[in-house]
Each structure stands twice: as C-alpha cells, then as structure tokens.
Amino acid sequence: MSESQNGQAGMLTFEDVCEQWHQAFDNLHKFNRLLTTDAKVAQTPKQLLWTLNKAKLYRYTPVLPTEQRHKIPLLLVFAVMNRPHVLDLRPGHSFVEYMIAHGYDVYLLDWGIPGPEDCELKYDDYTLEYLPRVVRKLKSVTGANEFSMLGWCLGALISTMYASLRPDDGLRNLLLLTAPLDFTDKNAGGFSRWVSQPAFDPDKIIDAFGNMPGEMIDAGAKMLKPMENLVGSYLNLWDNIEDPSRVEAWHAMNTWVRDIIPMPGAAYRQLITEFYKENRLIEGTLTIRGERVELGRLRANLFNVIAESDHITPPCQSERVMDLVGSQDKEVFRVKGGHIGIMAGRGAEKNTWPHIDTWLAARSD
Amino acid sequence: MSEKHEAMNIFDPTGMLKSMRDTGMEHWSKMMTEFVHSDAYAEANAEMLNVWLTTSSPFRKAMETAVDQSLSAMNIASRDDFMRLADRLTNIEMRLDDLDAKLDAWMRQQGTQHQG
C-alpha cells in the first residue's frame, strides 16, 4: 500500500509518479491525435439523387414506413461557407437522424467545395439557378407538390430570397436558423463592424485570391471570440480528456470546424457589398437577375429560430424580417445559445430540435 | 489514485495552474472580445489588410502575367483556360438537367395516361 493511500496526502511514491507519467503521456498522445485526426461525421445513410457542378442533392434513407411518415418532404439548405456535416454530426447526436426518426423525408442540398473555376458564382446563381433545379428534382422524386425548407445561416439567406422570388413553387414551410438578413446596425457583431470600414475592400481580396479563402473566413470567425476559440476550446478538451463522451463530442465538432472551404469570390463580394454594407434585402432594393426581391411576396409558413448569444449572426439581424414578410403563419423562436450550439451543442436535442419538430409536424401533413 | 493526487499532479501543468487559469480566463476573454469588437481594431484590421493587398498586387500581377506568357509559349493550358472549360461543362450539365427533368415529366405523364 502506498503512502498516499495510507492517508498521507501530498507524499508521492515512486509508483505514483510513474503512474502519473504514463497517464500524462497517454493524455498528451490522445490530445495530439484529437487535434490532428478527423472523427467520423455525417454517417446517416443517404443516397445521391442529383448533381450540378459541385452541388449535390441527397436523400436520407427513411427509417419509418411510408404510412408513418409526414407527407411533406423537408429540404435542408446549409451555408455556402462551411460543410453541411454539422447537421448530421455523429450517431446519437444528429439533427438529421432526429428528424428521420420523427417521420420526415429528409433531403440535403450540399453546395460542395468551390474551386477556382467557381469564382464567378453569385447568390443569383444559388437562388435562381441551383435551388429551383433542386426543388424541381425533389418534387419529381417525391411526387409531392409541396415541400418544407430549412435554411441555416447563409443558407437561410438564400432560402429567404428564393421564397420571396418563387412563392408559387410549392414551398409550404420555411424554417430559418440564425438568418443574417438585416444589416441596419453596423455595430451589431464583429463582422458588420469589420466589413463596414471604408478601408475594407472585398474587391481587393477577390482580385488577390479569386475565391475568399476558407482560412480567412475561419480566422475571422475565430477572432470574434478569440480566447474561447483559440485557447478555451483546447483547455476544455484537456480538462475533459478522460471523459469519453465529452472527447467524442469535441472531436466531432473539431472535425467539422477544421473542414474549412472557400467562398466563391463573386458571392463574397456580393455578400459584403449588397448585404452587409448596403442592406439591400431589407431596404427592398435587392435585384437578383433583374428581379426585385420583395419580402412581402414570401407567403410560406415561417418559423424563425434566433440564437440569443449568437456572435456571428446577432439576433437583430434576424428579427426585422418578421415584419416584412407576407406570411400569415409566422413565429419567432428564441433559443439560449450560440450560432452553432443551438443546433449541434449538447442542449440542442432538448432545447431546439423538439420545437422545430413540433412546429413542422403540425404543418407537414 | 488520480482523484487523490489531482491537486498535485506534476505531469499536468494546466491542472496545477487551473485555478489561476480559470480566474484569469474570464477576464481575458471579456477583454479580448471587447478589443476585437472595437472601432479601433476594425479600422486597424481593415487598414492592414488594405495595405498588404495593395502593396502585393503589382508583384502578384507580374507573376501571373509571367506564368501565363510562359504557359502560352509552351502551348500549355493556363488556369483561365481550365476555368473557361469548367464553365462550359457546367452549362452542358444544366442543359442535361433540363432534359432529364423534361424526360421525368414526360414519363410521369405517360404513366398517368396508362393508368387512366
């Protein structure tokens, strides 16, 4: 029996030191592995239905028989600056898995990873070239005339523009998650403040790089909360390195965070100039391929999810749209949490997903 | 074992400094967040980026021109050539997608007629 086990706390035996040495070495090895390897993410079985350029439409394999499923299919539209895997992070903690288990026929639009040849892609293309084709394919495959659409972050921006420009395409329900739509307040959030500076010129960035490099987007997002993202996240991992469930969750999230992609140059230029700086969507002056985007024409049932502690899309950027849309059935749902946390954090399964399901289930048959 | 020696694990420096770290972390976090959300930071950041992009632009353009001329002289396709080709392929994909949709619609129509 060692001295410490005899109750003489503070005295280490040689045996204890060796054990601590081994444990520390194991932890360091594990820490290094978690930082430098990828976890298995996006594992829910799915089938590829359609492709165009880099974009892909998938259908997740249903787990419930047809008669137990909702009639209206659900299309997920993620942002163009990240991979959509965060919607299906890991088995047992996946929004996609949750919705399938609750009887939805779930489809995912993955915008893909843009290459140098995609530098001229704009929101015009996403909204009026890609998304209508995806909807056409979705309706053709399902045989349904109506569908629901869930847009997250910039995916919500594209979804909102599409819903306003094509109100007769069969969109019954529109769910917006942390939607950056209103840029009236130039001091709300770091991004608005940074890009509103007269010296910040997106044209020069795009002239230099062609596309907006994923590394710059990632660095910008991390600098919004530098200590939490650059230090706190890793300390959190180290503190919990012997807790397998916390480690698994951290590894999956870090895998998604590390999987950075560029944004097409023209889309980035448009985002900064027409949305962030000129606020055209909310001002009613936005024109997409010659068509004016009027939010009043958006008639789909609307569920607007706002993260109260969102530092990427501050709540004020998502709120005003509710007064401008033409929807009769509209609801704002506020969740405590951050931009990603409300959908992929530990509390998402209790605080966000059930509310989305409840609202959507009542409108999906 | 590890529980008993948690307070004095000599191979866990972050553990030994944990209390000090936790006290300082919140303070640092608040201070840094306030700093990056200040107008001074935004202005300095934009200016630095602007200066870097402006000063590097002539060198970058000279390099691009030299590479393009070299590739052209050797009859090798440049990045612009590949980009134009990719653009044409995407246009062809779109036409095929339209044809596919028309075929789908026609087949559904035929199916409905047969059932009728």
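Residues numbered from 1 in each chain as written. Chains lettered and ligands numbered in written order. Predicted model: local features only at pLDDT ≥ 70, side-chain atom pairs only at ≥ 80, totals over all residues. Heavy atoms only, no water.

### Topic: the overall build of chain A
Okay, step 1: When its secondary structure is counted, chain A shows 16 helices and ten strands.
Okay, step 2: Relative to the globule expectation of 21 Å for 365 residues, the C-alpha radius of gyration of chain A, 23 Å, shows essentially globular dimensions.
Okay, step 3: Oriented by its inertia axes, the alpha-carbon framework of chain A measures out at about 80 × 60 × 35 Å.
Okay, step 4: Expressed as a percentage of the 365 residues in chain A, the buried residues total 58%.
Okay, step 5: Put simply, 80% of the contacts in chain A that link residues at least 6 apart link residues at least 24 apart.
Okay, step 6: Counting only carbon and sulfur atoms, one obtains 50% of the accessible surface of chain A, whose full area is about 14,700 Å².
Okay, step 7: In chain A, the 39 positive side-chain charges and the 47 negative ones have mean positions that sit 6 Å from each other. (Helix = DSSP H or I, 4+ residues; strand = E, 2+ residues; numbered from the N terminus. Rg over C-alpha atoms; globule rule 2.2 N^0.38 Å. Buried < 20%, exposed > 50% of the residue type's maximum accessible area, 1.4 Å probe, protein only. Contact = heavy atoms within 4.5 Å. Areas by Shrake-Rupley, 256 points an atom, 1.4 Å probe, with all protein chains shown as cover. Lys, Arg positive; Asp, Glu negative; His and termini not counted. Charge placed at Lys NZ, Arg CZ, Asp CG, Glu CD.)

### Re the interface of chain B and chain A
Okay, step 1: Counting from both sides, the interface comprises 44 residues of chain B and, opposite them, 49 residues of chain A.
Okay, step 2: At the junction of chain B and chain A, the tally comes to seven salt bridges.
Okay, step 3: For B:D39, the salt bridge is made with A:R193, and the minimal N-O distance between the two is 2.8 Å.
Okay, step 4: Seen at the junction of chain B and chain A, the total is 17 residue pairs in polar contact (both at pLDDT 80 or more). (Salt bridge = Lys/Arg side-chain N within 4 Å of Asp/Glu carboxyl O. Polar contact = N/O pair within 3.5 Å; in protein donor to acceptor, adjacent residues only side chain to side chain.)

### Details of the environment of A:R133
Okay, step 1: On the secondary structure map, A:R133 appears in helix α3 (residues 123-142).
Okay, step 2: We classify A:R133 as buried; its relative accessible area is 7%.
Okay, step 3: Considered as a pair, A:R133 and A:D323 are 190 residues apart in the sequence and their alpha carbons are 29 Å apart.
Okay, step 4: Excluding residues that lie within four positions of it along the chain, A:R133 makes contacts with A:W50, A:L52, B:M94, B:R95, B:D97 and B:D98.

### Let's talk about the pairing of strand β6 (residues 171-177) of chain A
All names here are of chain A.
Okay, step 1: Of all seven residues in β6, six are buried; the element is thus mostly enclosed.
Okay, step 2: As judged from the six bridges shared by strand β5 (residues 147-152) and β6, these two strands associate in the parallel manner. Residue pairing in the sheet places L150 in a bridge with L175 of β6.
Okay, step 3: A crossover links β5 with its parallel partner β6, the connecting element being helix α4 (residues 154-165), and its sense is right-handed.
Okay, step 4: Across five bridges, the pairing between β6 and strand β9 (residues 301-307) is parallel. What sits directly across from L175, in β9, is F303. (Pairing = 2+ DSSP bridges. Right-handed = clockwise from strand over helix to strand, strands pointing away.)

### With respect to helix α2 (residues 18-36) of chain B
A turn of α-helix holds 3.6 residues, and therefore any two residues three or four places apart point the same way.
Okay, step 1: A rise of 1.5 Å per residue sets the reference length of α2(B), with its 19 residues, at 27 Å; its end C-alpha atoms lie 26 Å apart and thus fit the reference within 8%.
Okay, step 2: Within the sequence span of α2(B), burial applies to B:R21, B:M25, B:S29 and B:V36. (Expected span 1.5 Å × (residues − 1).)

### A look at a nonpolar patch on the surface
Residues and elements named next belong to chain B.
Okay, step 1: Together, F82, L85, L89, I92, L96 and L99 line one region of the surface with nonpolar side chains, adding up to about 630 Å² of accessible area.
Okay, step 2: One can find F82 in helix α4 (residues 79-115).
Okay, step 3: F82 sits in the exposed class, given a relative accessible area of 53%. (Patch = residues over 30% accessible without salt bridge, like charges linked within 9 Å, V, L, I, M, F, W, Y side chains within 5 Å.)

### Side note on the pattern of salt bridges
Okay, step 1: One pass over the structure, following the stated rule, counts 27 salt bridges over all chains.
Okay, step 2: For A:R289, the salt bridge identified is with A:E129, shortest N-O distance 2.8 Å. Of the two residues, A:R289 sits in the loop between β7 (287-288) and β8 (291-292) while A:E129 sits in helix α3, which places them 160 residues apart along the sequence.
Okay, step 3: Residue classification places A:R289 among the partly exposed positions, given a relative accessible area of 41%.
Okay, step 4: Notably, a salt bridge pairs B:R84 with B:D81, separated by 2.6 Å at the nearest N-O pair. Of the two residues, B:R84 and B:D81 both sit in helix α4, three residues apart, roughly one turn of that helix.
Okay, step 5: What you see here is one network of salt bridges that share partners, running through A:D125, A:E129, A:R133, A:R136, A:R289, B:R95, B:D97 and B:D98.

### Side note on the nonpolar core
Residue and element names in this part refer to chain A.
Okay, step 1: Counting residues in hydrophobic clusters, the biggest one holds 113 residues, and the most contacted among them are L75, Y123, L154, M263 and I356.
Okay, step 2: Those residues within four positions of I356 in sequence are excluded, and the remaining contacts are F95, M99, L150, L175, L177, F303, V305 and M343.
Okay, step 3: Of all hydrophobic cores here, the second largest spans seven residues; its members include L237, W238, V247 and W250. (Core = buried A, V, L, I, M, F, W, Y, C linked by side-chain atoms within 4.5 Å.)

### Considerations on the packing of aromatic side chains
Okay, step 1: In this structure the tally under the stated criterion is 18 aromatic pairs over all chains.
Okay, step 2: Linked through ring pairs, A:W111, A:Y123, A:Y126, A:Y130 and A:F275 together constitute an aromatic cluster. (Phe/Tyr/Trp six-rings, centres within 6.5 Å; stacked < 30°, edge-to-face > 60°.)

### Quick word on the sheet that holds β6(A)
Residue and element names in this part refer to chain A.
Okay, step 1: Read from one edge to the other, the open sheet built from eight strands follows the order β1-β2-β4-β3-β5-β6-β9-β10, with strand pairing classed as mixed. Sheet topology places β1 (46-52) and β10 (330-335) at the edges, where each strand pairs with a single neighbour. Here the average twist between neighbouring strands, direction ignored, is 20°.
Okay, step 2: Each of β3 (74-77), β5 and β6 touches α4; the most contacted strand, β5, lies at about 140° to it.
Okay, step 3: Contacts from helix α16 (residues 353-361) reach β3, β5, β6, β9 and β10, with the element oriented near 165° to β6. (Axes fitted to C-alpha atoms, helices over the stretch in contact; angles between N-to-C directions.)

### A word on the layout of surface pockets
If a probe the size of a water molecule is rolled over the atoms, the empty space left behind becomes visible.
Okay, step 1: Its volume calculated, the second largest pocket comes out at about 870 Å³.
Okay, step 2: Considering the residues around the second largest pocket, the lining is formed by 35 residues, among which A:P116, A:E117, A:C119, A:E120 and B:M83 are closest to the centre.
Okay, step 3: When residues of the lining of the second largest pocket are traced back to their parent elements, those giving at least two are α3, α6 (202-209) and α10 (265-277) of chain A together with α3 (39-73) and α4 of chain B.
Okay, step 4: Ranked by residues supplied to the lining of the second largest pocket, first place goes to α4(B) with nine residues.
Okay, step 5: In the lining of the second largest pocket, the residues fall into 13 nonpolar, six polar and 16 charged. (1 Å grid on protein atoms, 1.4 Å probe; cavity = no way out; pocket = protein on both sides within 12 Å on 5 of 7 lines; lining within 4 Å. Points joined across faces, edges and corners; volume = space filled by probe spheres on them. Nonpolar A, V, L, I, M, F, W, Y, C, P; charged D, E, K, R; others polar.)

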